[in-house]
There are 4 protein chains.
Amino acid sequence: MSDGRSGRRQRRKEERPGEILEAAFEEFALNGFAATRLDDVAARAGITKGTIYVYFPSKEELFIATFKEMVRPMMEHIRALTAAPEGSALEILRTHFRFVYDRMVADRRGRELLRMLMAEAGRFPGLADRWHDEVIGPAIETMRAVVRYGVARGEFRPTVAEVFPHLLFSPVLTASTWCSLFGDAHPLDLAGYYEAHLEMLARALCAEA
Amino acid sequence: MSDGRSGRRQRRKEERPGEILEAAFEEFALNGFAATRLDDVAARAGITKGTIYVYFPSKEELFIATFKEMVRPMMEHIRALTAAPEGSALEILRTHFRFVYDRMVADRRGRELLRMLMAEAGRFPGLADRWHDEVIGPAIETMRAVVRYGVARGEFRPTVAEVFPHLLFSPVLTASTWCSLFGDAHPLDLAGYYEAHLEMLARALCAEA
Amino acid sequence: MSDGRSGRRQRRKEERPGEILEAAFEEFALNGFAATRLDDVAARAGITKGTIYVYFPSKEELFIATFKEMVRPMMEHIRALTAAPEGSALEILRTHFRFVYDRMVADRRGRELLRMLMAEAGRFPGLADRWHDEVIGPAIETMRAVVRYGVARGEFRPTVAEVFPHLLFSPVLTASTWCSLFGDAHPLDLAGYYEAHLEMLARALCAEA
Amino acid sequence: MSDGRSGRRQRRKEERPGEILEAAFEEFALNGFAATRLDDVAARAGITKGTIYVYFPSKEELFIATFKEMVRPMMEHIRALTAAPEGSALEILRTHFRFVYDRMVADRRGRELLRMLMAEAGRFPGLADRWHDEVIGPAIETMRAVVRYGVARGEFRPTVAEVFPHLLFSPVLTASTWCSLFGDAHPLDLAGYYEAHLEMLARALCAEA
DNA sequence: CATGAATGAGGTTTCATTCAT
DNA sequence: GATGAATGAAACCTCATTCAT
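Rules and cut-offs
Residues numbered from 1 in each chain as written. Chains lettered and ligands numbered in written order. Predicted model: local features only at pLDDT ≥ 70, side-chain atom pairs only at ≥ 80, totals over all residues. Heavy atoms only, no water. Helix = DSSP H or I, 4+ residues; strand = E, 2+ residues; numbered from the N terminus. Contact = heavy atoms within 4.5 Å. Lys, Arg positive; Asp, Glu negative; His and termini not counted. Charge placed at Lys NZ, Arg CZ, Asp CG, Glu CD. Buried area = accessible area lost by both parts, 1.4 Å probe. Polar contact = N/O pair within 3.5 Å; in protein donor to acceptor, adjacent residues only side chain to side chain. Nonpolar A, V, L, I, M, F, W, Y, C, P; charged D, E, K, R; others polar. Least-squares fit on C-alpha atoms with pLDDT ≥ 70 in both. Buried < 20%, exposed > 50% of the residue type's maximum accessible area, 1.4 Å probe, protein only. Salt bridge = Lys/Arg side-chain N within 4 Å of Asp/Glu carboxyl O. Domains from an automatic or database assignment.

A. Region of the structure containing the overall build of chain A. In terms of regular secondary structure, chain A is built from nine helices and zero strands. When its helices and strands are written in sequence order, chain A yields α-α-α-α-α-α-α-α-α. For chain A, the C-alpha atoms occupy an extent of roughly 70 × 40 × 35 Å along the three principal directions. Contacts spanning at least 24 positions in sequence make up 70% of the contacts within chain A whose residues lie at least 6 apart. Taken as two groups, the 28 positive and 30 negative side-chain charges of chain A have centres that lie 5 Å from each other.

Take a look at the structure:
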């Protein structure tokens with residue numbers, strides 16, 4: 001389009017890796033690691049197979065890099081969340097889950113990332129470790145902190161949610177999985193689901209009904 | 001050739017398919033569909049590769065048969081559950097989830113089945129359909145019926161759980177996934193988790209705290 | 001030819017490895033390890049590429065197996081030679097060299113083996129070790145023993161040949177190399193060369209000229 | 001662009017081909033032609049792959065040029081040797097072999113050159129031709145002349161060495177090959193070997209023992 | 001002149017599938 | 001029915017070569 005594209009070969013050292021990771025993610029999400037052909041990744045990225053190897057030493061490394069790349073934004077959100085809480089604890093949870101539903105349930109790519117994680121964790125143990133250490137572990141801890149904060153300010157009752165914050169989060173995973181697996185044939189009313197999730201949460205946690 | 005061996009061979013012949021499905025499940029669960037070698041399935045079943053083709057026309061059909069085979073017991077349990085409820089609704093849920101935790105969370109094979117479903121649903125849409133129609137759909141409906149039954153008998157308050165029984169079930173999926181992915185490095189106290197799950201359930205559903 | 005060849009696929013588990021090694025040797029000798037294509041080996045053996053992998057796990061292993069296979073007959077000759085000497089020492093040398101010229105100089109395959117050894121020893125250190133331990137080392141020792149035997153019986157003078165029997169052997173390597181490299185354009189009169197070699201030997205070793 | 005750098009660049013430009021040949025020789029000697037990567041040659045020469053193509057049109061041409069470059073000094077020595085002999089014929093041989101041992105046996109690069117020649121002669125027939133015409137052929141002829149000169153002056157007896165001067169030279173090839181293949185594990189006492197070689201030579205050639 | 005990103009042909013290796021026994 | 005040798009279509013990966021800068 002611009003004059004930069006003067007020939008068949010473009011100098012795009014800066015952009016290439018990102019483009020490849022983008023294409024790789026789509027293919028890996030679609031087919032899984034083993035069934036993905038680097039030819040297809042290349043075609044999707046508008047390059048040839050060989051070029052992938054200029055930037056990534058092997059299919060495995062490409063996969064790991066792809067996963068890291070997609071995990072990063074999640075990680076950054078989680079990190080941002082660890083700030084000292086203020087105001088209504090329920091409101092904090094509501095805001096947090098708003099983001100989580102947008103990123104991991106409504107967004108196809110977020111869902112695919114989760115699915116990819118579950119599908120490939122067996123062959124790439126590093127994936128699960130990374131996900132735990134950088135996303136789900138911190139997220140659990142943050143939720144625990146919010147619950148405690150809510151209890152401390154009298155907004156929440158003391159509950160087992162302090163021990164297993166997983167319970168608060170679990171509807172998200174279910175929704176994400178549902179949309180991935182059955183979304184086409186049996187769509188889920190996400191807006192309603194989200195509200196129902198939060199209502200259950202309030203009922204389970206809040207000091208008075 | 002001699003009739004002495006034909007009896008044993010006959011017996012063997014009837015057991016073969018089941019043995020193959022058993023071996024196939026382990027391998028598929030371990031490696032995923034694409035990365036599983038029929039050689040390994042055969043080795044695990046104590047036969048040779050060619051024999052698989054006596055009973056199954058292709059790797060894909062073997063996979064589908066494997067999945068069907070493993071889904072059957074789940075399906076049967078769910079079907080048994082649709083009987084008319086009686087007694088405490090919460091107790092019914094407790095009993096139901098007891099079974100579900102045993103089969104889908106504590107049991108490695110149940111967890112693997114779930115993981116396999118999520119991993120391969122993209123390439124085998126029939127898997128998701130079957131799972132929905134025969135397991136998760138009926139399970140959801142059954143839970144909805146139990147919730148309504150509880151509301152009808154004054155044990156439960158009317159809640160969104162009637163619209164989204166998924167919410168009640170979701171901790172199970174989270175636990176199963178957690179154990180599959182992080183179980184080794186970060187084990188989950190399953191007994192405690194189960195109790196916490198049911199306590200949250202009671203608090204969210206029951207008429208009085 | 002015989003009725004054994006009833007279809008496209010022949011059961012030749014016993015013969016296959018040998019046939020493959022045979023074909024592999026020709027190709028490796030012709031092109032060297034790196035430049036040899038398994039396709040060509042397969043074609044020469046009258047099979048397809050995949051079949052090679054039924055018997056050999058990798059190109060490297062095939063190469064090593066090929067070398068071992070070709071070295072074996074040499075090794076056996078050398079081993080047979082270590083018997084206690086009797087009669088004329090010069091005659092023993094003459095007989096020994098007769099065999100060596102036949103096998104390592106006149107025979108194209110023997111020459112190729114030597115050339116292969118020299119060409120690939122860098123990448124396959126095991127080759128040189130094996131050659132030294134099983135062929136050239138024992139050969140040197142045997143010649144040393146013959147020289148000593150000749151000295152002991154008064155047939156030979158005491159010479160440095162006892163310390164460096166390599167000197168006695170070296171014309172063989174030169175002839176083999178010469179035929180490999182220049183044989184077509186500048187053929188060597190092998191019969192004459194052989195006689196000249198032995199004459200020099202006699203003159204250098206024998207007690208009286 | 002600025003004249004300040006052009007001087008250095010200019011100087012570099014003239015040295016480049018030699019540096020590349022130097023690097024290429026090391027890599028070719030190490031890995032053989034087929035297994036050598038131009039990337040590695042470039043890295044060793046401190047340049048990039050593309051630059052090689054500024055000076056050499058292809059990998060094959062680079063290889064041939066490398067060989068020519070390394071053969072040149074040998075060739076020049078041989079040419080210098082063809083001067084009319086004077087003094088002791090044995091002394092001439094002794095001096096000649098002194099040089100040859102230094103260059104083709106003791107010097108790693110000389111040994112590698114020989115090895116490279118033997119390894120690649122099959123794919124590059126020009127190599128063998130060149131080596132024969134410019135090195136080994138003249139060397140043989142020179143030695144023949146020296147032998148005849150020795151016979152003419154009564155220092156040597158008439159022997160088959162006049163017909164096959166190869167015999168006189170052959171210990172050199174053996175030593176070179178030995179050091180290349182077995183040097184690390186089974187070192188050769190080169191000084192002793194050289195003396196033994198010359199002693200055998202004297203005994204085989206000289207008029208009186 | 002020198003670079004190095006990009007190419008793509010070609011190599012090794014894998015493995016589902018076939019079929020003669 | 002059971003076997004397992006053989007197949008051959010891909011797949012991953014390498015690297016000589018090109019060419020815009």
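Moving on from the model shown.
B. The interface of chain D and chain C, seen in detail. In this assembly, 46 residues from chain D lie in contact with 46 residues from chain C. Both faces considered, chain D and chain C share a buried interface measuring about 4,100 Å² in area, 75% of it formed by carbon and sulfur atoms. It is Met118, Met200 and Arg203 of chain D in chain D that bury the most area against chain C; as a group they hold 15% of the surface buried on that side. For the pair chain D and chain C, the number of links is seven residue pairs in polar contact (both at pLDDT 80 or more). Elements supplying a minimum of two residues to the side of chain D that touches chain C: helix 6 (108-120), helix 7 (125-152), helix 8 (166-182) and helix 9 (190-205) of chain D. The element best represented in the side of chain D that touches chain C is helix 8 of chain D, accounting for eleven residues. Considered class by class, the residues forming the side of chain D that touches chain C number 27 nonpolar, twelve polar and seven charged.

C. Spotlight on the relation of the copies chain A and chain B. You can overlay chain A on chain B at an RMSD of 0.1 Å; the transform is a turn of 180° with a shift of 0.1 Å along its axis. Here the symmetry operator amounts to a two-fold rotation axis. In this assembly the copies share their binding face: 100% of the residues contributing to the interface of chain A also contribute to that of chain B.

D. Main features of the side chain of histidine 132 of chain B. Tracing the backbone through its elements, the reader meets histidine 132 of chain B in helix 7 (residues 125-152). The exposure class of histidine 132 of chain B is buried, given its relative accessible area of 11%. Side chain to side chain, histidine 132 of chain B and aspartate 133 of chain B meet in a polar contact 3.1 Å long. If sequence neighbours within four positions are ignored, histidine 132 of chain B has contacts with Trp178, Phe182 and His186 of chain A together with Gly137 and Pro138 of chain B.

E. Highlighting the interface of chain A and chain B. The interface of chain A with chain B comprises 46 residues on the first partner and 46 residues on the second. Carbon and sulfur atoms supply 75% of the area that chain A and chain B bury against each other, a total of about 4,100 Å² over both sides. Three residues stand out in chain A for area buried against chain B, namely Met118, Met200 and Arg203 of chain A, and they jointly supply 15% of the buried area on that side. Remark: the boundary between chain A and chain B carries zero salt bridges. Connecting chain A to chain B are seven residue pairs in polar contact (both at pLDDT 80 or more). For the side of chain A that touches chain B, the secondary structure elements donating two or more residues are helix 6 (108-120), helix 7 (125-152), helix 8 (166-182) and helix 9 (190-205) of chain A. With eleven residues, the top contributor of residues to the side of chain A that touches chain B is helix 8 of chain A. Classifying every residue of the side of chain A that touches chain B by side-chain character gives 27 nonpolar, twelve polar and seven charged.

F. Geometry of the relation of the copies chain D and chain C. Once chain D is rotated about the relating axis by 180° and shifted along it by 0.0 Å, it coincides with chain C to within an RMSD of 0.1 Å. Taken together, the interface assignments show that 100% of the residues at the interface of chain D recur at the interface of chain C, consistent with an identical surface on both copies.

G. Quick look at the domain arrangement of chain A. Residue and element names in this part refer to chain A. The domains assigned to chain A are domain 1 (1-56) and domain 2 (67-205). Residue-level contacts link nine residues of domain 1 with eleven residues of domain 2. Around 870 Å² of area is buried between domain 1 and domain 2 when both sides are counted, 61% of it from carbon and sulfur atoms. When residues of domain 1 are sorted by the area they lose upon contact with domain 2, Phe25, Ala29 and Phe33 head the list and together hold 57% of the total. Linking domain 1 with domain 2 are three salt bridges, by the criterion used here. Note that arginine 109 and glutamate 22 form a salt bridge whose closest N and O atoms lie 2.6 Å from each other. Linking domain 1 with domain 2 are five residue pairs in polar contact (both at pLDDT 80 or more), by the criterion used here. Split into classes, the residues belonging to the side of domain 1 that touches domain 2 amount to six nonpolar, one polar and two charged.

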